[in-house]
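Each chain is listed here by its residues.
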Amino acid sequence: MSDDAYKKAFERERLARKEAERITELKSRELFDLNTELKKLNAELEERILARTAELEEARVRAEANTKAKSEFLSVMSHEMRSPLNVIVGFSELLEQRGLEEPEGGYVRNLRFSALQLLNLISDILDLSAIEAGKIAFESTPFDVVHAAERVFKALEQRAIDKGLTWSKGMPADLPQPLSGDAAKLNQVLINLMDNAIKFTREGGVDLEVHYMKEKSTDREVWVAFEVRDTGKGISEDNLERIFNKFEQENTSTRRVHGGSGLGLAISKQLIELQGGTITCTSELNKGTTFRFELPFVHEKRAAEAMDSGTLDKDQVAGLKLLVVEDLEVNRMLLRQMLRNSGVVMFEAENGQEALDVLKEHDVELILMDLHMPEMDGIEATRAIREGRVKGVNADVPIVCLTADVFKETKEAIFSAGMNDFVTKPVEMRRLFQLLGHWRKHIDARSTANA
Ligand code: ADP
């Protein structure tokens, strides 16, 4: 290569290198700028995320406080609304038992029916809220499942007869007994399904079948299937998917013609599923509908003696010394009337403080304790007794809580304060005597052991 050519080549290469360097520098400046921009964006993003997280946290705290306030509100309402209604239901029941002449007898029946309707609606709304808040408590007490189903069957029989419907049932003969579960909630579901079956059937009839599901059961867990079949108007395929939703009725004319709140099936489904069971519905328009639910119960042999015999055995509670702590005079009067002629010796107190005074004076064997009372509430009074704060008072005396509250938290509070049991208001006569009988046996067993 000549010198000249060599120089040219060298110069070309120098220029090319320079250009490359310029481009590299340009690109690296661009990259640097981009990087700075990115860093800025990143910092901004982090800031935004932090702010958003704080906002969300604030919202979560607010929502939690709202839920708590709502559930407290409901707990108070369940007490405030149910208490007076329970009094109306209780007293109309007592009046009904007097066998009044007509038309007064009819007035009382209407009064009781309407009050019960209102009580049911309030209970539905409260139940649903408690379920939604995950706060529903289930009882587990031994009871005769067949007997309970037969009772519901009997209770609705007249309505079916009045409508000219056939009314049949099939009960299992081989179901192991006693079974533990929540009798009240089983009643609630059965009543809802059978009441609907009557409501939506014009011709034909309603049938209740209870089956012992042997193949699904074990030694401890007994599965029972309940089937409510009707020959009524049926439910279209579209609606079959919706009927278990809350406030859902087939169409607005359903409400006009049949009434109802559209809550019954939503609650029934939740009550069944929360106990580990299932519910299904099959239906054909204008042919009829079948609701089937399957529920597990606990089979407990040792529970046999505690089982509700279904009879009012007044003799076994005669002489029992009972203290009723309840601020409402009407409620005390109701219990007084129920216990009339039973031989139970009933002491009364209007609040926790008075209860402690009565306990100092009298030898009480069992306490029925209301929760919400002025001066000293039921929880505080129970603590005072259990901690031996009151001289001369038996710290182990059995205490049964009287409550209109359905909330799990309330029930936890009851037991952690040291109460032994609870009974939900309205206390039916049968339940009251079953409870007193149960504790009488317990008290007798304890005093024999101590002797
Ligand atoms: P409601 O209080 O309205 O009876 P439910 O939740 O119990 O509320 O029922 C919801 C709807 O499902 C009813 O309004 C009705 O349209 C339909 N339904 C329930 N049971 C039956 C039945 N056995 N036959 C026909 N339709 C039914």
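Just above sits the structure.
Residues numbered from 1 in each chain as written. Predicted model: local features only at pLDDT ≥ 70, side-chain atom pairs only at ≥ 80, totals over all residues. Heavy atoms only, no water.

Draft legend 1. How the structure looks around unusual backbone geometry. Of note, the amide linkage connecting Glu102 to Pro103 takes the cis form, showing an omega dihedral of 5 degrees. Mapped onto the elements of the fold, Pro103 is located in the loop between helix 1 (3-97) and helix 2 (104-132). Here the residue pair Gln177 and Pro178 is connected by a cis peptide bond, since its omega of -5 degrees sits within 30 degrees of zero. Mapped onto the elements of the fold, Pro178 is located in the loop between strand 2 (166-170) and strand 3 (179-181). At Asn286, a position not held by glycine, the phi torsion is positive, near 65 degrees. You can see Asn286 is positioned in the loop between strand 6 (278-284) and strand 7 (288-299). Of note, the phi angle at Glu375 is positive, near 65 degrees, even though the residue is not glycine. Turning to its location among the elements, Glu375 is positioned in the loop between strand 10 (366-370) and helix 10 (378-386). (Helix = DSSP H or I, 4+ residues; strand = E, 2+ residues; numbered from the N terminus.)

Draft legend 2. Region of the structure containing the sheet that holds strand 12 (residues 421-424). With parallel pairing, the 5 strands of this open sheet are ordered in space as 9-8-10-11-12. Both outer strands of the open sheet, strand 9 (345-349) and strand 12, are each paired with one neighbouring strand and no more. Across the sheet, the axes of successive neighbouring strands diverge by a mean angle of 25 degrees, strand direction being ignored. With 4 bridges joining them, strand 8 (residues 321-325) and strand 10 adopt parallel strand pairing. The partner of Val324 across the bridge, within strand 10, is Leu368. Against the sheet, helix 10 touches strand 10 and strand 11 (399-403), its axis set at about 150 degrees to strand 10. Helix-sheet contacts for helix 11 (residues 408-417) involve strand 11 and strand 12, and the interaxial angle to strand 12 is about 145 degrees. (Pairing = 2+ DSSP bridges. Axes fitted to C-alpha atoms, helices over the stretch in contact; angles between N-to-C directions. Contact = heavy atoms within 4.5 Å.)

Draft legend 3. The arrangement of the packing of aromatic side chains in detail. The full count for this structure, using the stated rule, is 5 aromatic pairs. Seen from their ring centres, Phe226 and Phe293 are 4.7 Å apart, and the 15 degrees between their planes marks the pair as stacked. With Phe226 in strand 5 (residues 221-230) and Phe293 in strand 7, this residue pair connects regions lying 67 residues apart in the sequence. Residue classification places Phe293 among the buried residues on the basis of a relative accessible area of 0%. Ring geometry for Phe415 and Phe422: centres 6.0 Å apart, planes at 65 degrees, overall edge-to-face. Residue Phe415 is classed as partly exposed on the basis of its relative accessible area of 40%. Owing to a relative accessible area of 9%, Phe422 belongs among the buried residues under this scheme. The lysine or arginine in question, Lys169, covers the ring of Phe153, its NZ or CZ lying 5.5 Å from the ring centre. Lys216 extends its terminal NZ or CZ atom over the ring of Trp223, reaching a point 3.9 Å from the ring centre. (Phe/Tyr/Trp six-rings, centres within 6.5 Å; stacked < 30°, edge-to-face > 60°. Buried < 20%, exposed > 50% of the residue type's maximum accessible area, 1.4 Å probe, protein only. Lys NZ or Arg CZ within 6 Å of the ring centre and 35° of its normal.)

Draft legend 4. View of helix 9 (residues 352-361). Taken together, the buried positions of helix 9 are occupied by Gly352, Ala355, Leu356, Val358 and Leu359. Taken end-on, helix 9 shows its buried residues confined to a sector of 160 degrees, consistent with a single buried face. Taken together, the buried residues of helix 9 touch strand 8, strand 9, strand 10 and helix 10. The opening residue of helix 9 is Asn351, an N-cap whose side-chain oxygen sits 2.9 Å from the backbone nitrogen of Gln353. (Arc of directions from axis to C-beta. Polar contact = N/O pair within 3.5 Å; in protein donor to acceptor, adjacent residues only side chain to side chain.)

Draft legend 5. View of the nonpolar core. The biggest cluster of nonpolar side chains holds 54 residues, and the ones touching the most others in it are Leu186, Phe226, Phe291, Phe293 and Phe297. Of all the elements, helix 3 (residues 145-162) adds the most residues to this core, at 8 residues. Not counting residues up to four positions away in its chain, the partners in contact with Phe226 are Val145, Leu186, Leu190, Glu209, Val210, Phe291, Arg292, Phe293 and Phe297. Judged by nonpolar contacts, the second largest core, of 27 residues, contains Leu323, Ala355, Ala384 and Val397. (Core = buried A, V, L, I, M, F, W, Y, C linked by side-chain atoms within 4.5 Å.)

Draft legend 6. The arrangement of the packing of helix 2 against helix 7 (residues 264-274) in detail. It is the contact of helix 2 with helix 7, at a shortest axis distance of 10 Å, that shows an interaxial angle of 45 degrees. Taken as axis vectors, helix 2 and helix 7 run oblique relative to one another. Two packed elements cross with a definite hand, and for helix 2 against helix 7 that hand is left-handed. Across from Asp124, Asp127, Leu128 and Ile131 in helix 2, the residues of helix 7 making contact are Ile267, Gln270, Leu271 and Leu274. Looking at the contact of helix 2 with helix 7, its residues break down into 5 nonpolar, 1 polar and 2 charged. (Parallel < 35°, antiparallel > 145°, perpendicular 65-115°, else oblique. Left-handed = near helix turned anticlockwise from the far one by under 90°. Nonpolar A, V, L, I, M, F, W, Y, C, P; charged D, E, K, R; others polar.)

Draft legend 7. Geometry of the pairing of strand 6. Pairing of strand 6 with strand 7, which is carried by 7 bridges, proceeds in the antiparallel orientation. The residue bridging Cys281 from the neighbouring strand is Phe291, located in strand 7. In textbook terms, the turn of a hairpin is the stretch between consecutive antiparallel strands, and for strand 6 and strand 7 this stretch comprises 3 residues, one of which, Asn286, has a positive phi near 65 degrees.

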